[in-house]
Amino acid sequence: MEFPVPTAMQPILTLTVNPALDVSTVTDQVIGEHKLRCHTSRLDPGGGGVNVARVVHRLGGQTIAAYTAGGPTGEAYRRLIEAERIPTLLVPISGSTRQNFTVDETTTGKQFRFVLEGPELSEEEWRRCLAIVAESVPAGGYVVASGSLPKGVPDDFYAQVARLANERGARCVVDASGPSLAAALAEGVFLVKPSRRELAALVGGTLDTDESQVAAASSLVADGSAQHVALTLGGEGAVLASKSGTLRLPVPHVRVRSTVGAGDSFLAAFVLRLAQGRGLEDAFRAAVAAGTATVTTTATELCRRDDVERLEAELAVRPFEP
Ligand SMILES: Nc1ncnc2c1ncn2[C@@H]1O[C@H](COP(=O)(O)OP(=O)(O)OP(=O)(O)O)[C@@H](O)[C@H]1O
Ligand SMILES: [Mg+2]
């Protein structure tokens, strides 16, 4: 059954303190010592929160992306994100925005992802990021803090973002790992989206059985760390734990080309559908649809709206698994 999507939506602010200029290309084979002839390169403005904003935008939603940028790479980054017509709040930094380099190998279908070190942020710079959140946090809306923290930024940075959002009546969504995730959960967030690896590192164990996955996700809801926990399991689907119980969805069968940005796309669709007034079940289906749509596109390319809506409709006729 089709539900009308309300036109008014709650605002979504995304925050990216460690963005990366994604450079991707294709070569026949990666071999040491050889000069590797590559195809042309593609540039994308990447990093957790910005990717979330780009997917919200291409799915027809409104969002503002707050991000840091500096140096010549930061300038290229700014132009790319502005070309996508996404409203932004820029925090200038003295270091140079990092680059990530992705190479797809045609002979094997393997992907090589080189994640480069980023600039260190000064205390003034990261405090400016918090000030932007404090000034722009949409009361009744969503703040999505996503991605790794650059050097110089304290582990409790996302916890401070969560506190600002909570104090101002916004819903804080966090996609992070390690100590910064643990600190944000200690503060209490609306939604968290760990992958299996990230949740396992947090609660211990390997989370390779259905029962252990449900128990781990539910434990974060029970202890007040998060109202909702969306545990993503790559090609094995996802689990959503909330106070009302847990849901599990398998991913539709697709040809996987590149998993870059899958988690960000998942999160974007989840938050967008909630911001549009849809229920948790619809948001969860849209999230799995968007994550899956993104793995069907090459290199750093994100999902296409048509694919997301088609997969969303496909999932709507399947029952949830317990
Ligand atoms: N092999 C796959 N086949 C189909 N869909 C996939 C596959 N891998 C990922 N996805 C989609 O992307 C979503 C997120 O994937 P995943 O669990 O790998 O999270 P991630 O945040 O990208 O991982 P990480 O942060 O650990 O790199 C999945 O829930 C699913 O919808
Ligand atoms: Mg992730």
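Note that the structure is predicted; figures quoted are calculated from it, not measured.

Conventions and cut-offs
Residues numbered from 1 in each chain as written. Chains lettered and ligands numbered in written order. Predicted model: local features only at pLDDT ≥ 70, side-chain atom pairs only at ≥ 80, totals over all residues. Heavy atoms only, no water. Buried < 20%, exposed > 50% of the residue type's maximum accessible area, 1.4 Å probe, protein only. Helix = DSSP H or I, 4+ residues; strand = E, 2+ residues; numbered from the N terminus. Contact = heavy atoms within 4.5 Å. Pairing = 2+ DSSP bridges. Axes fitted to C-alpha atoms, helices over the stretch in contact; angles between N-to-C directions. Disulfide = S-S within 2.5 Å. Phe/Tyr/Trp six-rings, centres within 6.5 Å; stacked < 30°, edge-to-face > 60°. Lys NZ or Arg CZ within 6 Å of the ring centre and 35° of its normal. Salt bridge = Lys/Arg side-chain N within 4 Å of Asp/Glu carboxyl O.

We now examine helix α4 (residues 157–167). The buried fraction of α4 amounts to eight of the 11 residues, a majority that puts the element mostly inside the structure. Taken together, the buried positions of α4 are occupied by F157, Y158, A159, Q160, V161, A162, L164 and A165. Where α4 is buried, its residues touch β1 (12–16), α3 (123–136), β8 (142–146), β9 (171–175), α5 (178–187) and β10 (189–192). G169, located one to two residues past α4, shows a positive phi value of around 70 degrees.

Right, let's get into the sheet that holds β1. Spatially, nine strands are ordered β5-β4-β1-β8-β9-β10-β11-β12-β13 in an open sheet, and the strand pairing comes out mixed. Edge positions in the sheet fall to β5 (88–92) and β13 (245–249), since each of these pairs with one other strand and no more. Sheet twist, expressed as the average angle between the axes of neighbouring strands with direction ignored, equals 15 degrees. With five bridges connecting them, strand β4 (residues 64–69) and β5 associate as parallel partners. Bridging from a neighbouring strand, Y67 pairs with L90 of β5.

Our next topic: the state of the cysteines. According to the stated counting rule, one finds zero disulfides in the structure shown. Just so you know, C129 is unpaired, no disulfide at all, and the nearest cysteine sulfur is the one on C172, 14 Å from it. Judged by relative accessible area, C129 falls into the buried class, the value being 2%.

Phi is positive for R85, which is not a glycine, with a value near 60 degrees. Along the chain, R85 falls in the loop between α2 (71–83) and β5.

Counting across every chain of the model gives seven aromatic pairs. Ring centres 5.5 Å apart and planes at 40 degrees place the aromatic pair Y67 and Y77 in the tilted group. Of the two residues, Y67 is situated in strand β4 and Y77 in helix α2; the sequence distance between them amounts to 10 residues. By way of ring pairs, the aromatic residues W126, F157 and Y158 are connected into one cluster. One residue, K193, lies across the ring of F266, its end atom 6.0 Å from the ring centre.

Evaluated as defined, the whole model comprises 24 salt bridges. For E301, the salt bridge identified is with R42, shortest N-O distance 3.8 Å. In this pair, E301 is assigned in the loop between α9 (280–295) and α10 (305–316) and R42 in strand β3 (residues 42–46), connecting sequence segments 259 residues apart. Here R42 falls in the partly exposed class, since its relative accessible area comes to 35%. Across the pair E135 and R128 runs a salt bridge whose closest N-O atoms are separated by 3.5 Å. Through salt bridges with shared partners, a single network forms among R42, D44, R54, E84, E301, R304, D307, R310 and E314.

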